[in-house]
Amino acid sequence: AQKITQTQPGMFVQEKEAVTLDCTYDTSDPSYGLFWYKQPSSGEMIFLIYQGSYDQQNATEGRYSLNFQKARKSANLVISASQLGDSAMYFCAMREAVFLIQGAQKLVFGQGTRLTINP
Amino acid sequence: NAGVTQTPKFQVLKTGQSMTLQCAQDMNHEYMSWYRQDPGMGLRLIHYSVGAGITDQGEVPNGYNVSRSTTEDFPLRLLSAAPSQTSVYFCASSWGTPGSALHFGNGTRLTVT
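Residues numbered from 1 in each chain as written. Chains lettered and ligands numbered in written order. Predicted model: local features only at pLDDT ≥ 70, side-chain atom pairs only at ≥ 80, totals over all residues. Heavy atoms only, no water.

Enquirer: Let's hear about the packing of aromatic side chains: which residues, and what values?
Expert: Counted under the stated rule, the structure contains 15 aromatic pairs over all chains. An aromatic cluster is defined as three or more aromatic residues linked by ring pairs; in this entry it consists of F35, Y37, F47, Y50, F91 and F109 of chain A together with Y35, F90 and F104 of chain B. Over the ring of Y64 of chain A we find R63 of chain A, and its NZ or CZ is 5.7 Å from the ring centre. (Phe/Tyr/Trp six-rings, centres within 6.5 Å; stacked < 30°, edge-to-face > 60°. Lys NZ or Arg CZ within 6 Å of the ring centre and 35° of its normal.)

Enquirer: Now, about the interface of chain A and chain B: what can you tell me, with residues and values included?
Expert: It is common to report an interface's size as the accessible area lost on association of the parts. Taken together, the 20 residues of chain A in the interface contact 24 residues of chain B. Both faces combined, the contact of chain A with chain B buries some 1,700 Å², and carbon together with sulfur accounts for 58% of it. The interface formed by chain A and chain B holds zero salt bridges in total. On inspection of chain A and its partner chain B, the count reaches three residue pairs in polar contact (both at pLDDT 80 or more). Counting residues per element, the ones that place at least two in the side of chain A that touches chain B are β5 (33-39), β6 (46-52), β10 (88-95), α1 (99-102) and β11 (107-109) of chain A. Per-element tally for the side of chain A that touches chain B: the top contributor is β5 of chain A, with three residues. Residue classes in the side of chain A that touches chain B are distributed as 10 nonpolar, seven polar and three charged. (Contact = heavy atoms within 4.5 Å. Buried area = accessible area lost by both parts, 1.4 Å probe. Salt bridge = Lys/Arg side-chain N within 4 Å of Asp/Glu carboxyl O. Polar contact = N/O pair within 3.5 Å; in protein donor to acceptor, adjacent residues only side chain to side chain. Helix = DSSP H or I, 4+ residues; strand = E, 2+ residues; numbered from the N terminus. Nonpolar A, V, L, I, M, F, W, Y, C, P; charged D, E, K, R; others polar.)

Enquirer: Outline the state of the cysteines, supporting the account with residue identities and numerical values.
Expert: Residue and element names in this part refer to chain A. The tally for this structure, following the rule as stated, stands at two disulfides over all chains. The side chain of C23 participates in a disulfide bridge whose partner is C92; the two sulfur atoms lie 2.0 Å from each other. Taking the torsion about the S-S bond as the criterion, the C23 to C92 disulfide, at about -65 degrees, is left-handed. Of this pair, C23 sits in the loop between β3 (19-21) and β4 (24-26) while C92 sits in strand β10; the two residues are 69 residues apart in sequence, bridging distant segments of the chain. (Disulfide = S-S within 2.5 Å.)

Enquirer: Go over the nonpolar core, please, and point to the residues and values.
Expert: All names here are of chain A. Counting residues in hydrophobic clusters, the biggest one holds 25 residues, and the most contacted among them are Y25, L34, W36, I49, L77, Y90 and L115. Counting residues per element, this core draws most heavily on β10, which supplies four residues. Once residues within four sequence positions are removed from consideration, L115 is found in contact with M11, V13, V19, I79, D86, S87, A88 and Y90. (Core = buried A, V, L, I, M, F, W, Y, C linked by side-chain atoms within 4.5 Å. Buried < 20%, exposed > 50% of the residue type's maximum accessible area, 1.4 Å probe, protein only.)

Enquirer: Give a description of the pairing of strand β12 (residues 113-118) of chain A that names residues and reports values.
Expert: Residues and elements named next belong to chain A. Because side chains alternate across β12, one face comprises the buried residues T113, L115 and I117, and the other comprises R114, T116 and N118, none of which is buried. Note that strand β2 (residues 10-14) and β12 share five bridges and pair parallel. Within β12, the residue paired with G10 across the bridge is R114. (Pairing = 2+ DSSP bridges.)

Enquirer: Explain the environment of S65 of chain A residue by residue, including any values.
Expert: All names here are of chain A. Position of S65 among the secondary structure elements: in strand β8 (residues 64-69). Here S65 falls in the partly exposed class, since its relative accessible area comes to 23%. Between the C-alpha atoms of S65 and I49, which are 16 residues apart in sequence, the distance is 7.5 Å. Those residues in contact with S65, other than ones at most four positions away along the chain, are I49, A59, T60, N76, L77 and V78.

Enquirer: With reference to specific residues and values, describe the side chain of Q37 of chain B.
Expert: Here Q37 of chain B shows up in strand β4 (residues 31-37). On the basis of relative accessible area, Q37 of chain B is assigned to the buried category, the value being 15%. When neighbours within four sequence positions are excluded, Q37 of chain B is seen to be in contact with Q39 and F91 of chain A together with G42, L43, S87, V88 and F90 of chain B.

Enquirer: Give a detailed account of the side chain of S33 of chain B, specifying residues and quantitative values.
Expert: All names here are of chain B. Here S33 lies in strand β4. Classification of S33 by relative accessible area gives buried; the value is 0%. When near neighbours in sequence (up to four residues on either side) are disregarded, S33 contacts L45, H47, Y48, F74, F90, C91, A92 and L102.

Enquirer: Give a detailed account of the sheet that holds strand β7 (residues 64-66) of chain B, specifying residues and quantitative values.
Expert: All names here are of chain B. Across the sheet, which stays open at both edges, the four strands sit in the order β1-β3-β8-β7 with antiparallel pairing between neighbours. Looking at the sheet topology across the chains shown, the edges are occupied by β1 (4-7) and β7. Strand-to-strand, the axes of this sheet are offset by a mean angle of 20 degrees, without reference to chain direction. (Axes fitted to C-alpha atoms, helices over the stretch in contact; angles between N-to-C directions.)

Enquirer: Hey, could you go over the pattern of salt bridges for me, with residue numbers and the actual values?
Expert: Counted according to the given criterion, the structure contains four salt bridges over all chains. Of the charged contacts in the structure, one is a salt bridge between R63 of chain A and D86 of chain A, with a shortest N-O distance of 2.8 Å. Remark: D86 of chain A occurs in the loop between β9 (74-79) and β10 and R63 of chain A occurs in the loop between β7 (60-61) and β8; sequence separation between them is 23 residues. Its relative accessible area of 23% is what places R63 of chain A among the partly exposed residues. Residue classification places D86 of chain A among the buried residues on the basis of a relative accessible area of 2%. Its salt-bridge partner being R36 of chain B, residue D38 of chain B comes within 2.9 Å of it at the nearest N-O pair. Like R36 of chain B, D38 of chain B is buried. It is possible to trace a salt-bridge network through shared partners that takes in R36, D38 and R44 of chain B.

Here it is as structure tokens:
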């Protein structure tokens, strides 16, 4: 079974510093996708970034980048120049392989990391 | 741009009652799904659908029922509510292509007493 592990329950970072949120995954399938979502205190889920298992380059979206190390099965989220508005819960998720058969975007989520940005 | 709309936002049920959580999307997405979020456990998949008339179970389907008669709507039915179903429920939809992100509704907070 596919599994996502986020080992940092909480992180505290000073404003303007860079922060790395850890995510490791476990799968035996060669084709998979990795997602990061942000959940502010208001509760909505906001998509941040995606990395496919066959993508040659690490994904980037503005201040977000994904440090994808396939051999180590890790997909860490890097936020550059953190802002107060980055304080939120962050979830790493992996798309299950059934996508190839059904087109089903079944995601398995980690437990999340609560990031707090201090002024 | 409505996106994914969930109703109601809050609901309190007594044990044994039934109810339906509504979910509608206006993006013509083929794929729709329901997740529940419990403290310290991330999101877990309840049921999903890859198109009208096609549904399947996720990780935690017991006590829930779904159907999908149209592309737009994907209601979640609680058959006989139990306190263990107290949770926040999210509906999500996406295209069925590799890099497509799930678009989430704003969630329904359900309390079963």
